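# Notes for the structure review
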Amino acid sequence: MVYKALVAGANGIIGKALLEVMATTPDWEGRGLSRSHGDVRADLTDAGQTRKALETAADCTHLFYAAYGPGGGLAEEDARNSVMLRNLLDGLKHAGASLKRVVLYQGAKVYGVHLGPVATPFYEDENPRPIGPNFYFTQQRELQARHEAGGPEWTILRPDVVVGDAAGNAMNIATVIGAYAAICAADQAAFRFPGSYRTYDGCLAQVTDAHALARASLWAATSDAAAGQAFNYVHPPFRWRRIWERLARHFGFEVGEPIPFSLAGHMPALTPIWDRIGRDLVQPDFARAVGWGFGDFVFGTEADVISDMTKIRLAGYTQDADPLAVLISAIERQQQQGVIPRIGAG
């Protein structure tokens, strides 16, 4: 049997990796959906356009929903992303698609990390829900209600700080680190951690490799044990000092102690360096190529962020990855693909 998958958010970190993994997996055929690129092009906020774009999707058996629409605040974000999922599901139903399962992606905001420090580890079925609005919960209720009315099964995966090689994504810490390293090299500066000592030495962090997540997603889409369940999917926790010093060693940098500063506030002053070393990139516009604000969020998190992985392992999925290798691989792939400059370029 060949599964026919629609990947919403095809140009993002998760969607790009999903399509790449499906392309090498015999039982899967993937089609990408995005606003401006891909096999299916649709603005998911527009119900009519979405329905029309999905007229040929009657053979779709699985939906992987990794689309995201940024809003002006939590309430607007909730409203926008809830409508996007609803329009897509309505469009597939109108097309006559007999969906077997929807795989939905959530982040650590489901545990309230955007509101303040939260006790860890995060357990899927034990952490009490934080106060909303939060589109993760609205989307989950949508899927549950449709399933109870005879619609498709659903499974939720909860990665955190997803690392991949998609260009132009504002929430990719590998892009931030790789671009920062390239600029440090070009400016003949040490590779110093741009966050607090507490974050660097005292707090545990975690990441999820996009391709590892894609492989877990195919399991989540077909496993009986995964139906109707939410699973954390992250790699072993680490302290940033260990990762930072080994990244420096790998790329041939002097490290130095942390120097807390705002990347979003300071890095624009280094635009002339980027213009020199980044002329041939996929996205040469410095303001659009790197999400410095996301780097400030990650490097400024002064609390442990740890998701427990017991549930997914007991359900039968045990594949994992080394966080250091994940970051190095993603940075080097982005260099090869022209997403960020090669360290030492220019």
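Residues numbered from 1 in each chain as written. Predicted model: local features only at pLDDT ≥ 70, side-chain atom pairs only at ≥ 80, totals over all residues. Heavy atoms only, no water.

On to the side chain of Ser 34, then. With respect to the element layout, Ser 34 can be found in strand β2 (residues 28-34). Excluding residues within four positions of it along the chain, Ser 34 makes contact with Ala 10, Asn 11, Val 40, Arg 41 and Ala 42. (Helix = DSSP H or I, 4+ residues; strand = E, 2+ residues; numbered from the N terminus. Contact = heavy atoms within 4.5 Å.)

With their axes 8 Å apart at the nearest point, helix α3 (residues 74-95) and helix α4 (residues 135-148) run at an angle of 25° to one another. Looking at the two axes, α3 sits roughly parallel to α4. You can see that α3 and α4 cross each other, and the crossing is right-handed. Packed against α3, whose contacting residues are Glu 77, Asp 78, Asn 81, Ser 82, Leu 85, Arg 86, Leu 89 and Asp 90, the element α4 presents Phe 135, Thr 138, Gln 139, Glu 142, Leu 143 and Arg 146 at the interface. (Axes fitted to C-alpha atoms, helices over the stretch in contact; angles between N-to-C directions. Parallel < 35°, antiparallel > 145°, perpendicular 65-115°, else oblique. Left-handed = near helix turned anticlockwise from the far one by under 90°.)

Taking 1.5 Å per residue as the helical rise, helix α7 (residues 210-222) with its 13 residues ought to reach 18 Å, and the 19 Å between its terminal C-alpha atoms agrees with that figure. Along α7, 11 of the 13 residues are buried, which leaves the element largely enclosed by surrounding structure. Where α7 is concerned, the buried positions are Ala 210, His 211, Ala 212, Leu 213, Ala 214, Ala 216, Ser 217, Leu 218, Trp 219, Ala 220 and Ala 221. The distance from a side-chain oxygen at the start of α7 to the backbone nitrogen of His 211 is 3.2 Å, and the residue carrying that oxygen is Asp 209. (Expected span 1.5 Å × (residues − 1). Buried < 20%, exposed > 50% of the residue type's maximum accessible area, 1.4 Å probe, protein only. Polar contact = N/O pair within 3.5 Å; in protein donor to acceptor, adjacent residues only side chain to side chain.)

Here the focus is the packing of helix α5 (residues 173-186) against helix α14 (residues 323-336). At their nearest, the axes of α5 and α14 sit 9 Å apart, and the two run at 70° to each other. When the axis of α5 is compared with that of α14, the two are roughly perpendicular. In this structure, α5 crosses over α14, and the sense of that crossing is right-handed. Touching Ile 173, Ala 174, Thr 175, Ile 177 and Gly 178 of α5 are Leu 327, Ala 330, Ile 331 and Gln 334, all from α14.

Evaluation of the coordinates by the stated rule reveals 21 aromatic pairs. For the ring pair Phe 193 and Trp 240, a centre distance of 6.2 Å and an interplane angle of 35° mean the geometry is tilted. Highlighted residues: Phe 193 in the loop between α5 and α6 (197-202) and Trp 240 in helix α8 (residues 240-251), separated in sequence by 47 residues. According to the relative accessible area criterion, Phe 193 is buried, its value standing at 0%. Ring centres of Trp 240 and Phe 299 lie 5.3 Å apart, and the angle between their planes is 85°; on these two criteria the pair is classed as edge-to-face. With Trp 240 in helix α8 and Phe 299 in helix α12 (residues 292-299), this residue pair connects regions lying 59 residues apart in the sequence. No difference in accessibility class separates Trp 240 from Phe 299, as the two residues are buried. Among the aromatic residues, those joined into a ring-pair cluster are Tyr 180, Phe 191, Phe 193, Tyr 200, Phe 238, Trp 240, Trp 244, Phe 253 and Phe 299. The side chain of Lys 311 reaches across the aromatic face of Phe 231, ending 5.3 Å from its centre. (Phe/Tyr/Trp six-rings, centres within 6.5 Å; stacked < 30°, edge-to-face > 60°. Lys NZ or Arg CZ within 6 Å of the ring centre and 35° of its normal.)

We now examine α14. Helical periodicity: at 3.6 residues per turn, an α-helix aligns residues three or four positions apart in one direction. The terminal C-alpha atoms of α14, which comprises 14 residues, lie 20 Å apart, in line with the 20 Å expected from a rise of 1.5 Å per residue. Burial analysis of α14 places 10 of its 14 residues in the buried class, the great majority of the element. Buried residues of α14: Pro 323, Leu 324, Val 326, Leu 327, Ile 328, Ala 330, Ile 331, Arg 333, Gln 334 and Gln 335, and no others.

This paragraph deals with the pattern of salt bridges. Per the stated rule, a full pass over the model turns up 18 salt bridges. Of the charged contacts in the structure, one is a salt bridge between Arg 35 and Asp 43, with a shortest N-O distance of 3.2 Å. For Arg 35, a relative accessible area of 57% puts it in the exposed group. One connected set of salt bridges, linked through shared partners, spans Lys 16, Glu 20, Asp 165 and Arg 333. (Salt bridge = Lys/Arg side-chain N within 4 Å of Asp/Glu carboxyl O.)

Here strand β4 (residues 62-65) shows no split at all, with His 62 and Phe 64 on one side and Leu 63 and Tyr 65 on the other all buried. Here 4 bridges tie strand β1 (residues 3-8) to β4, and the two strands are oriented parallel to one another. Bridge pairing links Ala 8 to Tyr 65 in β4. Direction of pairing for β4 relative to strand β5 (residues 101-105): parallel, over a ladder of 4 bridges. When the bridges of β5 are listed, Tyr 65 appears paired with Leu 104. (Pairing = 2+ DSSP bridges.)

Once that is clear, we can look at the environment of Gln 337. Relative to the assigned elements, Gln 337 resides in the segment after α14. Residues Gln 337 and Leu 88 lie 249 residues apart in sequence; the distance between their C-alpha atoms is 31 Å.

Right, let's get into unusual backbone geometry. Cis geometry marks the peptide bond from Thr 120 to Pro 121, where omega comes out at 0°. Structurally, the position occupied by Pro 121 is in the loop between β5 and α4. Not every positive phi belongs to a glycine, and Gln 188 is a case in point at roughly 55°.

Limitation: the analysis is restricted to geometry and does not speak to function.
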